[in-house]
Amino acid sequence: MNILVCVKQIPDPATPGELTAEHTLKREAKLILDESDSFGVEMALQLVDKAGGGDVTLISVAPNGEVSGLRTALAMGAAKAVLVSDPSLSGSDSLSTAKVIAKAVERVGDADLLLTATESTDGYTGTIPAQVAELLDWPSLTFAKQVTIADGKVTIQRQTEAGYDVVEASLPAVVSVTAGVVEPRYPSFKGIMAAKNKPVDAVKPADLGLADDQVGWAGARQKITSVEQAPERQAGEKIEDDGTAFEAVVAYLEKLKVV
Amino acid sequence: MKILVFAEADNGAPVTSTLELLTKARALGDVEAAYVGSDVDAVAAAVGEYGATKLYTADSQGSLVGVVGASLIAAVIAVGQPDLVLFAQTYDGRDAVGRLSARIDRPVLTNGYSVTVDGDSVSIGAQVFGGRVLVETQFTGPTPHLAAIRPKSFVAEPSGGAAATIEQVDLGETGRSTEAKVLDHHVEEREGPKLEEATIVVSGGRGIGSAESYGPLVDELAQLLKGASGASRAIVDAGWVPYSKQVGQTGKTVKPKLYIALGISGATQHLVGMKGSDNIIAINKDAEAPIFSVADLGVVGDVQKVVPKLIEALKAKS
Ligand SMILES: Cc1cc2nc3c(=O)[nH]c(=O)nc-3n(C[C@H](O)[C@H](O)[C@H](O)COP(=O)(O)OP(=O)(O)OC[C@H]3O[C@@H](n4cnc5c(N)ncnc54)[C@H](O)[C@@H]3O)c2cc1C
Ligand SMILES: Nc1ncnc2c1ncn2[C@@H]1O[C@H](COP(=O)(O)O)[C@@H](O)[C@H]1O
């Protein structure tokens, strides 16, 4: 069982996001593994384990040659990684990124499954899993909260508004997993040491047969026309509970005529 | 401007996010809809009432509705080029717009809360960084333009139009995309109004302390007020309540008349899903909690003490 996992490397979400003068996300500080993708990495490791053999290969796309997020996922137990990196990727939209990921999947070859998160923490466009699947002509099983593989088929519980649906497809397929689908392991010390020597295949879009105008700002076919701060909501009254604050709440509900 | 809306329905009734898109679209141009599923006559009547003149449709044949939707819309585009195709940012809407974007090689703008048309140009407004910053993006490539809009961005209002004319569409080659089959539906029990449609929402966060407190504090208060109960992501991820209750960036957007936040800190990703509420009450024991910056009435206190007294008082009144 060979499983590929998309891992995005992002600025630490704890620090407030900012846009550059070119309207791309600022990525100057060290990038880290998007926590959303740690679920895919863990899921892949468990599925390969259950299948009794195979490899977990990571795919990451980044304008700079960042690997620290990849090293975290390698330390969790992935075998190797493909990093597609080039300044021309700056400003890539979801479709351009999906094109790069699809080409990287073909470069690795021989995969049974591609796992992604449902949306990235910094960009959250949430369309890349379906786009990559379409480019590869693979089925896409999205919003999985449970994944099982048997007899050349993948079956998921797909989150819905009402509960969940059971969805099944033959392999190879793309599956996007929701947060919490499995409990990601912490990299062990041994894992961290081993990760330093695991192979990272660093390539450029051109090596994958993608022209410069298919990626980055050129490929995005959109332009940002305005960026402004959202209007702030004003805070109202704030009271300290002295045992009677519930009365103020009741009075407020009465004023709104909801009780 | 010719606009096509990807319509979704539940038991023959279009979902609210579809009606919102139709309402917006008819103010911008001529509207048609594309729909995958059963009860086609009922859906055609309902989308017509909100301004769509035509309903293109196909059967899902057991495949995922969004995936089939992409093929349906690709077939519609091949004969009658729309300028803009709108999707709601829902599970199936995201499947449909993602697959279609790759199929016809057009970029897609997502998380939209506004659509602006100026002559031939179309821009989409989106909130980034948890709603702190508003960004307008204009399509610069060839049509059709594709956009996914967050539910609750527009108010649905009927126009009183006649039923849309139904056109059954032959999907042609769908490749391996339709190999993903839906084998079974599981419905989780729910009482009272839907979260997105309730006029009062009571949400609980990690500050309620445990999964066991959700019923007596959050559900009970919501029921007394005839509202719906919601949650922060922290307690969804902890498995205290199902994902369908999550409010925020990766959950639902709600705009009720009144939102009550119990033990929720008010992270930007939570605020973006509820700060459009008309009135907000927050109860949190940390006076510095960011939720107070958006609350019309803030109570600095322990939910375990304040909420039971509140529930008693409300029960005594009714
Ligand atoms: C990409 C991304 C997407 C996200 N999407 C969402 C989303 O859709 N929705 C969402 O909610 N979050 C989302 N989050 C998570 C968000 O950042 C916060 O982590 C989350 O909202 C915190 O939930 P909370 O307020 O319940 O928990 P906490 O932040 O832990 O806050 C608990 C609060 O309870 C208070 N408290 C504790 N005990 C009591 C008591 N006895 N009485 C009263 N108050 C008490 C504390 O003072 C504290 O303020 C997202 C995060 C990321 C990175
Ligand atoms: N630059 C990237 N490198 C690798 N994987 C990515 C990248 N961008 C997005 N993905 C994957 O696609 C998912 C959806 O991304 P998005 O459409 O940006 O919300 C992410 O959670 C990742 O799993």
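Structure first, text after, so check above.
Only a predicted model underlies this, so the values are computations on that prediction, with no experimental measurement involved.

This part takes up the site of ligand 1. Around ligand 1, the structure places 25 residues, and the nearest of them are S232(B), V247(B), T250(B), S265(B) and Q269(B). Nearby residues place ligand 1 at the junction of chains A and B. Between ligand 1 and the protein, one listed contact pairs a nitrogen atom with a backbone N or O atom of V247(B) at 2.8 Å. Between ligand 1 and the protein, one listed contact pairs an oxygen atom with a side-chain N or O atom of Q269(B) at 2.7 Å. Isolated, ligand 1 exposes 990 Å² of accessible area, and the fraction of that covered by the protein chains is 81%. Of all elements in the fold, only α6 (233–237) and α7 (268–271) of chain B reach the threshold of two or more residues within the shell around ligand 1. The residue makeup of the shell around ligand 1, split by class, is 5 nonpolar, 15 polar and 5 charged.

Quick look at the sheet that holds strand β10 (residues 173–177) of chain A now. Spatial ordering of the open sheet is given by β11(A)-β5(A)-β4(A)-β1(A)-β6(A)-β10(A)-β7(A)-β8(A)-β9(A)-β12(B), a layout of 10 strands whose pairing is mixed. Both edges of this open sheet fall to β11 (200–203) of chain A together with β12 (181–187) of chain B, since each of them pairs with a single strand only. Each strand axis lies, on average, 30 degrees off the axis of its neighbour in the sheet, ignoring direction. Relative to β11(A), strand β5 (residues 80–85) of chain A runs parallel, the two sharing 4 bridges. By the bridge assignment for β11(A), V84(A) is matched with V203(A).

Next up on the list: the site of ligand 2. Residues and elements named next belong to chain A. Every one of the 18 residues lining ligand 2 counts as a neighbour, but D37, V61, S120, T125 and G126 are closest to it. Taking T125, its side chain carries an N or O atom lying 2.6 Å from an oxygen atom of ligand 2. Backbone polar atom of I128 to an oxygen atom of ligand 2: 3.4 Å apart, as the coordinates give it. Elements represented by at least two residues in the shell around ligand 2 include exactly β4 (56–62), α3 (94–108) and β6 (113–117). In terms of residue count, the dominant contributor to the shell around ligand 2 is β4 (3 residues).

All names here are of chain B. Along the chain, S17 falls in helix α1 (residues 16–28). Exposure remark for S17: the relative accessible area of 10% places this residue in the buried category. Sequence-distant contacts of S17, defined by excluding residues within four places in its chain, comprise A88, T90 and P151.

Cut-offs used in this document
- Residues numbered from 1 in each chain as written.
- Chains lettered and ligands numbered in written order.
- Predicted model: local features only at pLDDT ≥ 70, side-chain atom pairs only at ≥ 80, totals over all residues.
- Heavy atoms only, no water.
- Near = heavy atom within 4 Å.
- Polar contact = N/O pair within 3.5 Å; in protein donor to acceptor, adjacent residues only side chain to side chain.
- Areas by Shrake-Rupley, 256 points an atom, 1.4 Å probe, with all protein chains shown as cover.
- Helix = DSSP H or I, 4+ residues; strand = E, 2+ residues; numbered from the N terminus.
- Nonpolar A, V, L, I, M, F, W, Y, C, P; charged D, E, K, R; others polar.
- Pairing = 2+ DSSP bridges.
- Axes fitted to C-alpha atoms, helices over the stretch in contact; angles between N-to-C directions.
- Buried < 20%, exposed > 50% of the residue type's maximum accessible area, 1.4 Å probe, protein only.
- Contact = heavy atoms within 4.5 Å.

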